[in-house]
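Take a look at the letters that make up each chain.
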Amino acid sequence: MINDLKECRTAHRPALVRDSNGRYALFFRHSGTGTLHVSWAGSGADDWSAPQDLDAPLLGAPVAALAADGRLGVFYRGPNNDVCWLAQTPDHAGWQPPQGSGALLNIEPEIGFSANGNIEVFLIGTDEGLWSLWTAGSGPEGFTNLSSFGGRATSIAVTRDGAGLLAFFHANSDGQLWLKRHAQPNGPWAEFVHCFDDVQSFDAATTRDGRLAVLAISLQGRVLLRVEQADHSWSPPADLTYQDGTPVGPPTLMLHPAGPLQALWQQADTIIAAGQNSPDPTEGWKPELWHSGGVTQPPVALPEGPKKIPPIIAWPTPDGALAVHIG
């Protein structure tokens, strides 16, 4: 079922997250006000609230996460290209005032979780360097610790491997993909490792057996999946390209609770979905046309949640609103 949320006016990708009660929160930059808004729905996601203005100006798309203490945090690029965030109040009834670090961003941030569940925010600065913001607390605030990784990057993605180690990928303007991960749970960081080349945009996830997987749109416009091997080399690419079309990045890669990987990407004004039906994550893929027409930005998605909470996909439409698919 697709819901057209006509009051959710945006030209940017939204952020989707589930709160500690299983409710969906949909965050987006409102086209009229330029401020962060949120719309809520129950676990069935069939009745969305009127958007609430959180009175936080932003550029581009927000990202959101459920912190270890059960509160939501929203991270975004502020009007001065600085990284900012909003945290729920301890009673979950409202929002604390916006906070910022002063760190400058080139693109929207990405969120990762250490082994203890604490949030770490990863950034590409205006210097094209890689940075992270972290907090010693379990909540979505207090990000006063800024670390520099150096390097130069055009896109980033974050996941955790099967050992619970935070894994931070970045691609550069030469199409090289690099990985940096915790050397042990909760740090410190190991050295950068070159994974492979031919990457335009990408997403990362972890397979059912704990290996890292990367879904990349290549410099030639192919949709390619690679999986890390036991010796930390990478598998040959599985080609998921649909009918030789031109994909639009970044793609989305996620793990279904039942075990298989799932992939989504935009192609022209459509959404292509690829499911997997083999124990080997590089085999058994079947890309197909999932939604035709009315897509202006790559979709965002959440996989099926606990107790069969249905999966959800959201994307901006040509009329300037958001569409949400449940189930």
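If you're wondering where the values come from, they're calculated on a predicted model, not measured in any experiment.

Draft legend 1. Representation of the overall build of the protein in the model. Per the secondary structure count, the protein includes zero helices and 28 strands. Computed over C-alpha atoms, the radius of gyration of the protein comes to 19 Å, within 12% of the 20 Å expected from 2.2 N^0.38 for 327 residues, which places it in the range of a compact globule. Projecting the C-alpha coordinates of the protein onto the three principal axes gives extents of approximately 50 × 45 × 35 Å. Across the 327 residues of the protein, 55% fall into the buried class. If you take every contact in the protein between residues at least 6 apart in sequence, the share linking residues at least 24 apart comes to 41%. Of the roughly 13200 Å² of accessible surface on the protein, a fraction of 50% belongs to carbon and sulfur atoms. Here the protein contributes 19 positively and 33 negatively charged side chains, and the mean placements of these two sets differ by 3 Å.

Draft legend 2. The arrangement of the sheet that holds strand S19 (residues 212–217) in detail. Spatial strand order, S18-S19-S20-S21: four strands in an open sheet with antiparallel pairing. The outermost strands of the open sheet, each flanked by one partner alone, are strand S18 (201–206) and strand S21 (238–239). Of the pairings in the sheet, the one linking strand S20 (residues 223–227) to S21 comprises two bridges and is antiparallel in character. Paired with Leu224 across the strands is Asp239, a residue of S21.

Draft legend 3. The arrangement of the environment of Ile107 in detail. Mapping Ile107 onto the fold places it in the loop between strand S9 (99–104) and strand S10 (110–113). Other than its neighbours up to four places away in sequence, Ile107 contacts Arg77, Ile124, Thr154 and Ser155.

Draft legend 4. Molecular detail of the nonpolar core. With 17 residues, the main nonpolar core has Phe27, Leu36 and Trp95 as its most contacted residues. Looking at this core, the elements that each hand over two or more residues are strand S2 (15–18), strand S3 (24–29), strand S4 (35–41), strand S5 (52–57), strand S7 (72–77) and strand S8 (82–87). One finds Ala205, Leu225, Leu261 and Ala274 within the second-largest nonpolar core, a separate group that totals 16 residues.

Draft legend 5. Region of the structure containing the sheet that holds S3. On the basis of which strands lie adjacent, the open sheet formed by four strands has the order S2-S3-S4-S5 and antiparallel pairing. Both outer strands of the open sheet, S2 and S5, are each paired with one neighbouring strand and no more. Going from strand to strand, the sheet's axes swing by 25 degrees on average, the running direction of each strand aside. Where S2 meets S3, four bridges bridge the pair, whose relative direction is antiparallel. Looking at the pairing, Val17 lines up with Ala25 of S3.

Draft legend 6. Structural view of the pattern of salt bridges. Scanning the entire structure with this criterion turns up 11 salt bridges. We note a salt bridge from Lys6 to Asp319, for which the minimum N-O separation is 2.7 Å. Separated by 313 residues along the polypeptide, Lys6 in the loop between strand S1 (2–5) and S2 and Asp319 in the loop between strand S27 (312–316) and strand S28 (322–326) bring together distant segments of the chain. In this structure Asp319 comes out as partly exposed when scored by relative accessible area, which is 37%. Across the pair Asp174 and Arg152 runs a salt bridge, and its minimum N-O distance is 2.7 Å. Separated by 22 residues along the polypeptide, Asp174 in the loop between strand S15 (166–171) and strand S16 (177–181) and Arg152 in the loop between strand S13 (145–150) and strand S14 (155–160) bring together distant segments of the chain. The exposure class assigned to Arg152 is partly exposed, which follows from its relative accessible area of 37%. Within this structure, Asp69, Arg71 and Glu141 form a network of salt bridges that share partners.

Draft legend 7. How the structure looks around the packing of aromatic side chains. For the structure shown, the criterion picks out 12 aromatic pairs. On the numbers, 5.8 Å between centres and 85 degrees between planes, the contact of Phe27 with Trp95 is edge-to-face. One end of the pair, Phe27, is in strand S3; the other, Trp95, is in the loop between S8 and S9, with 68 residues separating them in the sequence. This pair shows no difference in class: Phe27 is buried, exactly as Trp95 is.

Draft legend 8. View of unusual backbone geometry. Gly187 connects to Pro188 through a cis peptide bond whose omega is 0 degrees. When you line up the elements, Pro188 lands in the loop between S16 and strand S17 (193–196). Gly249 connects to Pro250 through a cis peptide bond whose omega is 5 degrees. In this structure, Asn81 takes a positive phi of about 65 degrees despite not being glycine. Within the secondary structure layout, Asn81 lies in the loop between S7 and S8.

Cut-offs applied
- Position numbers for residues start from 1 in each chain and track the written sequence from start to end.
- Per-residue local features of the predicted model are confined to residues with pLDDT of at least 70, and side-chain atom pairs are confined, for both listing and counting, to 80 or more; whole-chain, interface and lining totals are unaffected and use all residues.
- With hydrogens and water stripped out, all remaining heavy atoms of the structure feed into the side-chain values.
- In this description a helix means any DSSP run of H or I spanning at least four residues, a strand means any run of E spanning at least two, and both kinds are numbered starting from the N terminus.
- Radius of gyration: over C-alpha atoms. The globule rule applied is 2.2 Å multiplied by the number of residues raised to the 0.38 power.
- For each residue, the accessible area found with a 1.4 Å probe, counting protein chains only, is set against the maximum for its type, and the residue is called buried under 20%, exposed over 50%, and partly exposed in between.
- Any pair of residues with heavy atoms lying within 4.5 Å of one another is described as a contacting pair.
- Methods summary: accessible areas were calculated by the Shrake-Rupley approach with a probe of 1.4 Å, and residue burial reflects only the protein chains presented.
- Residues scored as positive are Lys and Arg, those scored as negative are Asp and Glu, and His as well as the terminal groups of each chain are ignored.
- Taken as the charge centre is NZ of Lys, CZ of Arg, CG of Asp or CD of Glu, depending on the residue.
- If DSSP finds at least two bridges between two strands, the strands pair.
- Put simply, a nonpolar core is a bunch of buried Ala, Val, Leu, Ile, Met, Phe, Trp, Tyr and Cys residues held in one set by side-chain atoms that sit within 4.5 Å of each other.
- Angles run from 0 to 180 degrees between N-to-C directions of axes, and those axes are lines fitted to C-alpha atoms, restricted for helices to the stretch in contact.
- Definition used for salt bridges: Asp or Glu carboxyl oxygen within 4 Å of a side-chain nitrogen of Lys or Arg.
- Ring pairs shown here join Phe, Tyr and Trp side chains whose ring centres sit within 6.5 Å, with only the six-membered ring taken for Trp; geometry is labelled stacked below 30 degrees between planes, edge-to-face above 60, and tilted in between.

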